[in-house]
Amino acid sequence: MAGHEHVRVAVIGSGFGGLGAAVRLRRAGVTDFVVLERRDSVGGTWRDNSYPGCACDVPSHLYSFSFAPNPDWPRNFSGQEHIRAYLEKVADTFGLRPHIRFDSEVLHARWDTGALHWEIETGRGTLTADMLVSATGPLSDPKIPDVPGLDGFTGKVFHSARWDHDYDLRGKRVAVIGTGASAIQIVPSIQPLVDRLTLFQRTPPWVMPRMDREISRAERWLHAKVPPTRALRRRMLWLIRELQVGAFTKHPAQLGLVEKLARHHMTKVVKDPVLRAKLTPDYRIGCKRILLSNTYYPALVKPNVDVVASGLEEVRGNTLVAADGTEAEVDAVVFGTGFHVTDMPIAQRITGADGITLAEAWKDGMEALRGSTAAGFPNFMTVIGPNTGLGNSSMILIIEAQLNYMVDYLGQLGTLTAGSGGRAALDARPEAVRSWTDHVQRRMARTVWNTGGCDSWYLDANGRNTTVWPGTTGEFAKVTRRVDLAEYEVLRAPARAGQRKAEATR
Ligand SMILES: Cc1cc2nc3c(=O)[nH]c(=O)nc-3n(C[C@H](O)[C@H](O)[C@H](O)COP(=O)(O)OP(=O)(O)OC[C@H]3O[C@@H](n4cnc5c(N)ncnc54)[C@H](O)[C@@H]3O)c2cc1C
């Protein structure tokens, strides 16, 4: 990377968010940008999660870019390898490769108030950028709990998102820690291979049937030859999910019927009353992410599987000890314990106009105007920022909405710059961020995520829900369509270089 390279936009990450940003930038006529990726290939989530059984929980025709439809999705819910291949193809089709810098982990980025740009330090050199777009992903840095004694374990240990394909699980005694979306895909995939599988479950998930099937050749042919059929399919998938949102956000009591279906899904397979009791959640369905599987319960009733209805508390030698005292000696431990979500690691690496990091600014909880911009961090936005997550639909819809916001943001900057003859930057006004956050939290109060009686990864250390969007994706698209300049302070080139006395014009 050149020593003093300057670009108009630097994007961090090459998952759906980063690649989508690259496509939208090119389409907006911006070619002076780079995508900085710490690994050596694109794909993000779908590159990193290659565990057995890894697949999407949202139908592929909805879990894909609207501007890059794929008539060839092989299944309703595609597997990881198909989604990864799709993203590789997006990078090729849209000519993104020349912009992508692999092995370029962003180590630090600092806003230069005098120059009105970001100074970015990567693992392969430094550069500056007018605008910094962080698309590092909400579920990209694995979290392994600090379990006493784990260091002394002499067997194999890995996280679901860093699967060790060189380790042969056949004939081994394996512990899976956690019962989230990844774990319930892993368990049925490895159960037939292993000698013994012990599942450490702190909280049982609600699991619904997975309406998966192959997409027939006839359907694929039709989608390729008659594109409106593909668009209609996407529209229907989207609409069904939009209509479900009210139950999650306003009327959680309506979810009782769904609970009945989920309970039946479990009891028709699990006949043992003791195991049934362990697997029955005591919180409202939807409070934690609803999981989809037809193979999870059938795997749990197999004779080589033990369900420990208690979290992992301690490791003594090669014996895992649960909080309820249950012990299991194992050869390998697979952590399906999720990611750093409410404490996104990139926040520690971004220093804003006031010399504090985003993590410091967010010490009481993440917040960002329209899920995107934070006060004191000019010309910076987060794709899948605070309160943009979804409980029941495709994150690609949120990403695309935020990318509209990014394009409008750049357009507004262009207009301001052209009008003044100087350079401009936009900094979210603290009162606008506060009012947005209050609005979101007010709406959050009635949602199942806050009232459903569970402790989920949607909540931060203070118990505040800073991850989920309490509305429909249509509403989110509407509130991110345009940047409202009244919500921003316009910074212009300072009178004296090196000072933060940017002239506020509004
Ligand atoms: C197993 C799994 C299943 C999922 N299933 C679904 C689903 O069914 N439906 C759904 O809507 N969502 C699902 N998700 C959520 C999924 O993460 C999002 O849908 C989407 O893929 C996020 O894209 P992204 O580009 O924002 O982040 P990511 O795909 O995580 O990409 C982030 C990229 O940023 C890079 N990066 C991070 N930090 C740095 C740095 N400092 N410097 C440089 N590069 C960096 C990473 O290497 C990565 O390539 C799932 C997530 C997981 C983990």
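Since the structure is predicted, the reported quantities are computational estimates derived from the model, not experimental observations.

## With respect to a nonpolar patch on the surface
Turning to step 1, where the next piece is worked out: A cluster of nonpolar side chains, contributed by L232, M236, L239 and L243, occupies part of the molecular surface with about 410 Å² of accessible area.
Turning to step 2, where the next piece is worked out: Summarising the element assignment, L239 is placed in helix α6 (residues 227-249).
Turning to step 3, where the next piece is worked out: Judged by relative accessible area, which is 37%, L239 ranks as partly exposed.

## A closer look at the pattern of salt bridges
Turning to step 1, where the next piece is worked out: Using the criterion set out here, one finds 25 salt bridges in the structure.
Turning to step 2, where the next piece is worked out: Between E5 and R101 there is a salt bridge, and its shortest N-O distance comes to 2.8 Å. Linking E5 in strand β1 (residues 5-12) with R101 in strand β3 (residues 100-101), this pair joins segments that are 96 residues apart in sequence.
Turning to step 3, where the next piece is worked out: For E5, a relative accessible area of 18% corresponds to the buried category.
Turning to step 4, where the next piece is worked out: Judged by its relative accessible area of 22%, R101 is partly exposed.
Turning to step 5, where the next piece is worked out: Among the salt bridges present, the one from E219 reaches R213, with a minimum N-O distance of 2.9 Å.
Turning to step 6, where the next piece is worked out: Judged by relative accessible area, which is 39%, R213 ranks as partly exposed.
Turning to step 7, where the next piece is worked out: Members of the salt-bridge network, linked through shared partners, are E37, R39, R47, D48 and R162.

## So, the domain arrangement of the protein
Turning to step 1, where the next piece is worked out: Under the domain assignment used here, the protein contains domain 1 (5-141 + 342-500) and domain 2 (150-211 + 235-335).
Turning to step 2, where the next piece is worked out: The distance between the C-alpha centroids of domain 1 and domain 2 comes to 30 Å.
Turning to step 3, where the next piece is worked out: Each side of the interface is counted separately: domain 1 has 40 residues, and domain 2 has 33 residues.
Turning to step 4, where the next piece is worked out: Roughly 3,100 Å² of surface becomes buried between domain 1 and domain 2 when both sides are summed, with 53% attributable to carbon and sulfur atoms.
Turning to step 5, where the next piece is worked out: Contact with domain 2 buries area across many residues of domain 1, yet Y51, D57 and N392 alone supply 21% of it, more than any other trio.
Turning to step 6, where the next piece is worked out: Inspection of the region where domain 1 meets domain 2 yields two salt bridges.
Turning to step 7, where the next piece is worked out: Residues R210 and D57 are paired through a salt bridge, measuring 2.8 Å at the closest nitrogen-oxygen approach.
Turning to step 8, where the next piece is worked out: The tally of links from domain 1 across to domain 2 stands at 19 residue pairs in polar contact (both at pLDDT 80 or more).
Turning to step 9, where the next piece is worked out: Among the secondary structure elements, those contributing two or more residues to the side of domain 1 that touches domain 2 are α13 (448-451) and α14 (473-479).
Turning to step 10, where the next piece is worked out: Sort the elements by how many residues they give to the side of domain 1 that touches domain 2 and α13 lands first, with three residues.

## Considering the environment of G471
Turning to step 1, where the next piece is worked out: Along the chain, the position of G471 falls in the loop between α13 and α14.
Turning to step 2, where the next piece is worked out: What makes G471 buried here is its relative accessible area of 6%.
Turning to step 3, where the next piece is worked out: Put simply, G471 and V245 are 226 residues apart on the chain and 6.7 Å apart in space, counted from C-alpha to C-alpha.
Turning to step 4, where the next piece is worked out: Setting aside residues no more than four positions away along its own chain, G471 makes contact with V245, T249 and R443.

## With respect to the site of the ligand
Turning to step 1, where the next piece is worked out: Not every one of the 38 residues close to the ligand is listed here, only the nearest: G17, E37, T45, D57 and Y63.
Turning to step 2, where the next piece is worked out: Contact between the ligand and G17: an oxygen atom at 2.7 Å from a main-chain N or O atom of the residue.
Turning to step 3, where the next piece is worked out: A distance of 2.8 Å is found between a nitrogen atom of the ligand and a backbone nitrogen or oxygen belonging to V106.
Turning to step 4, where the next piece is worked out: Elements that contribute at least two residues to the shell around the ligand include exactly α1 (16-27) and α2 (45-48).
Turning to step 5, where the next piece is worked out: A per-element tally of the shell around the ligand places α2 first, with three residues.
Turning to step 6, where the next piece is worked out: A class-by-class count of the residues in the shell around the ligand yields 16 nonpolar, 14 polar and eight charged.

## Quick word on the sheet that holds strand β7 (residues 156-159)
Turning to step 1, where the next piece is worked out: Ordered by their spatial adjacency, five strands build an open sheet running β7-β16-β8-β9-β12, and the pairing between neighbours is parallel. Across the chains shown, the open sheet's two edge strands, defined by having one partner strand only, are β7 and β12 (305-308). Here the strands of the sheet are splayed against their neighbours by 15 degrees on average, with no regard to which way each runs.
Turning to step 2, where the next piece is worked out: Bridge count for strand β9 (residues 196-200) against β12 is four bridges, and the pairing is parallel. Along β12, the bridge assignment pairs T198 with D306.
Turning to step 3, where the next piece is worked out: Each of β8 (173-177), β9 and β16 (332-335) touches helix α4 (residues 183-190); the most contacted strand, β8, lies at about 165 degrees to it.

## Side note on the state of the cysteines
Turning to step 1, where the next piece is worked out: Applying the stated rule across the entire model yields one disulfide.
Turning to step 2, where the next piece is worked out: Covalently, C287 is tied to C454 through a disulfide, its sulfur atoms 2.0 Å apart. Taking the sign of the torsion about the S-S bond as the criterion, the disulfide between C287 and C454, at about -85 degrees, is left-handed. One end of the pair, C287, is in the loop between α8 (273-279) and β11 (291-292); the other, C454, is in the loop between α13 and α14, and 167 residues separate them in sequence.
Turning to step 3, where the next piece is worked out: By relative accessible area, C454 is classed as buried at 15%.
Turning to step 4, where the next piece is worked out: With no disulfide partner, C54 has as its closest neighbouring cysteine sulfur the one in C56, 8.8 Å distant.

Parameters at a glance
Residues numbered from 1 in each chain as written. Predicted model: local features only at pLDDT ≥ 70, side-chain atom pairs only at ≥ 80, totals over all residues. Heavy atoms only, no water. Patch = residues over 30% accessible without salt bridge, like charges linked within 9 Å, V, L, I, M, F, W, Y side chains within 5 Å. Areas by Shrake-Rupley, 256 points an atom, 1.4 Å probe, with all protein chains shown as cover. Salt bridge = Lys/Arg side-chain N within 4 Å of Asp/Glu carboxyl O. Helix = DSSP H or I, 4+ residues; strand = E, 2+ residues; numbered from the N terminus. Buried < 20%, exposed > 50% of the residue type's maximum accessible area, 1.4 Å probe, protein only. Domains from an automatic or database assignment. Contact = heavy atoms within 4.5 Å. Buried area = accessible area lost by both parts, 1.4 Å probe. Polar contact = N/O pair within 3.5 Å; in protein donor to acceptor, adjacent residues only side chain to side chain. Near = heavy atom within 4 Å. Nonpolar A, V, L, I, M, F, W, Y, C, P; charged D, E, K, R; others polar. Pairing = 2+ DSSP bridges. Axes fitted to C-alpha atoms, helices over the stretch in contact; angles between N-to-C directions. Disulfide = S-S within 2.5 Å.

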